[in-house]
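Descriptive analysis of the structure
Single-letter residue listing:
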Amino acid sequence: MPLAFESISHGTIAFGFFNIDSDMLLLDRYFFFATEFSTYISGMAESDKDGAFETIWQVYHIADTEDIGDLMGAIHATRYTGFIGETYRRFPFPLNPEDFKQKPEGYRNREIVESMIEKYAGACRINVAVDEKKQEIGIGAYSFTRAVFHQLLNYVWRGGYPRWKDEVRPDYVMAMKKAVEKSDNSLFAGIVFET
């Protein structure tokens, strides 16, 4: 379930997993797989560039709210609109509340989820830039303080809300954490991965 995070640029926005059977994340109107997100973060952490830093991420962008869909309607099986609605038609919300856990094998459904999102969004490249002086990071149109950026990383580490099933994290998340903890890049200074 996506949670609310404070951006510098757009106020409160949603970030997170939106279906337990997929490893796709949303960042307001951007959609990308957690596998790529973790790889991008690992690359930033392993870079010998400190301070100002720029790179490009490949994401999907859905401009129209109707094309994004109604998450709560899809969860409650009352309104299947847009991409999120189509995702929940294919991967419904579990009947038993105890089964509501983010599945570490969600990456296996990537081809199915990609075929669905491509009906609603085109892939695009966004600029990701770190401003060391301001201690901010820009992810496309969205800007965050370093502290909130750390919260985003912790969200993925935890498996969001409701957390990873059986507390088992995918290898790509483990690799991201390891790269971040070893990093000398000031962007990651002071991060503490929550248990």
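Everything here concerns the structure above.
Residues numbered from 1 in each chain as written. Predicted model: local features only at pLDDT ≥ 70, side-chain atom pairs only at ≥ 80, totals over all residues. Heavy atoms only, no water.

Regarding the overall build of the chain
When helices and strands are tallied, the chain shows seven helices and eight strands. In terms of overall dimensions, the chain is globule-like: its C-alpha atoms have a radius of gyration of 16 Å, near the 16 Å expected for 195 residues. Classification of the 195 residues of the chain by burial places 50% in the buried group. Sequence separation of 24 or more characterises 64% of the internal contacts of the chain that already satisfy a separation of 6 or more. Only carbon and sulfur atoms are counted for the fraction: they give 49% of the accessible area of the chain, which is about 9,500 Å². Separation of charge centres in the chain, based on 21 positive and 29 negative side chains, amounts to 2 Å. (Helix = DSSP H or I, 4+ residues; strand = E, 2+ residues; numbered from the N terminus. Rg over C-alpha atoms; globule rule 2.2 N^0.38 Å. Buried < 20%, exposed > 50% of the residue type's maximum accessible area, 1.4 Å probe, protein only. Contact = heavy atoms within 4.5 Å. Areas by Shrake-Rupley, 256 points an atom, 1.4 Å probe, with all protein chains shown as cover. Lys, Arg positive; Asp, Glu negative; His and termini not counted. Charge placed at Lys NZ, Arg CZ, Asp CG, Glu CD.)

Things to note about the packing of helix α1 (residues 34–46) against helix α7 (residues 171–182)
When two helices pack together, their arrangement is given by the angle between their axes and by how far apart the axes lie. One can describe the packing of α1 onto α7 by two numbers: an axis separation of 8 Å at closest approach and a directional angle of 20°. Comparing their axes, α7 and α1 come out roughly parallel. Relative to α7, the crossing made by α1 is left-handed. Taking contact as the criterion, the partners of Ala34, Thr35, Phe37, Ser38, Ile41, Ser42, Ala45 and Glu46 in α1 are, on α7, Tyr172, Val173, Ala175, Met176, Ala179 and Val180. Of the residues belonging to the contact of α1 with α7, the class tally is 10 nonpolar, three polar and one charged. (Axes fitted to C-alpha atoms, helices over the stretch in contact; angles between N-to-C directions. Parallel < 35°, antiparallel > 145°, perpendicular 65-115°, else oblique. Left-handed = near helix turned anticlockwise from the far one by under 90°. Nonpolar A, V, L, I, M, F, W, Y, C, P; charged D, E, K, R; others polar.)

Section: the pattern of salt bridges
Within this structure, the stated rule accounts for 10 salt bridges. Residue Glu194 is joined to Arg158 by a salt bridge in which the shortest nitrogen-to-oxygen separation is 2.9 Å. With Glu194 in the segment after α7 and Arg158 in helix α6 (residues 146–158), the pair connects residues that are 36 residues apart, well separated along the chain. A residue is classified by how much of its surface remains accessible, and Glu194, at 39% relative accessible area, is partly exposed. Look at the salt bridges and you will find they share partners, linking Glu36, Arg110 and Glu114 into a network. (Salt bridge = Lys/Arg side-chain N within 4 Å of Asp/Glu carboxyl O.)

Points about the environment of Lys101
By secondary structure assignment, the location of Lys101 is in the loop between α4 (82–90) and α5 (110–117). Its relative accessible area of 30% is what places Lys101 among the partly exposed residues. C-alpha separation for the pair Lys101 and Ala121, spaced 20 residues apart in sequence, amounts to 27 Å.

A closer look at the packing of α1 against α6
Relative to each other, α1 and α6 sit at 130°, their axes nearing to 11 Å. Comparing their axes, α6 and α1 come out oblique. The crossing of α1 and α6 is left-handed. Contacts between α1 and α6 involve Phe37, Ser38 and Ile41 from the first element and Phe149, Leu153 and Val156 from the second. For the contact of α1 with α6, the per-class residue count stands at five nonpolar, one polar and no charged.

Some details on the environment of Asn154
You can see Asn154 is positioned in helix α6. The class of Asn154 is buried, set by a relative accessible area of 4%. With 133 residues separating them along the chain, Asn154 and Asp21 place their C-alpha atoms 20 Å apart. When neighbours within four sequence positions are excluded, Asn154 is seen to be in contact with Ile191, Val192, Phe193 and Glu194.

Regarding the sheet that holds strand β8 (residues 142–145)
Ordered in space as β1-β2-β3-β4-β5-β6-β7-β8, the eight strands form an open sheet in which the pairing is antiparallel. Looking at which strands have only one partner, the edges of the open sheet turn out to be β1 (3–7) and β8. Strand-to-strand twist of the sheet, defined as the mean angle between neighbouring strand axes without regard to direction, takes the value 30°. Relative to strand β5 (residues 53–61), strand β4 (residues 30–33) runs antiparallel, the two sharing two bridges. Opposite Tyr30, over in β5, you have His61 as the bridge partner. Along the sheet face, α5 touches β3 (24–27), β4 and β5 and points at about 160° away from the line of β4. (Pairing = 2+ DSSP bridges.)

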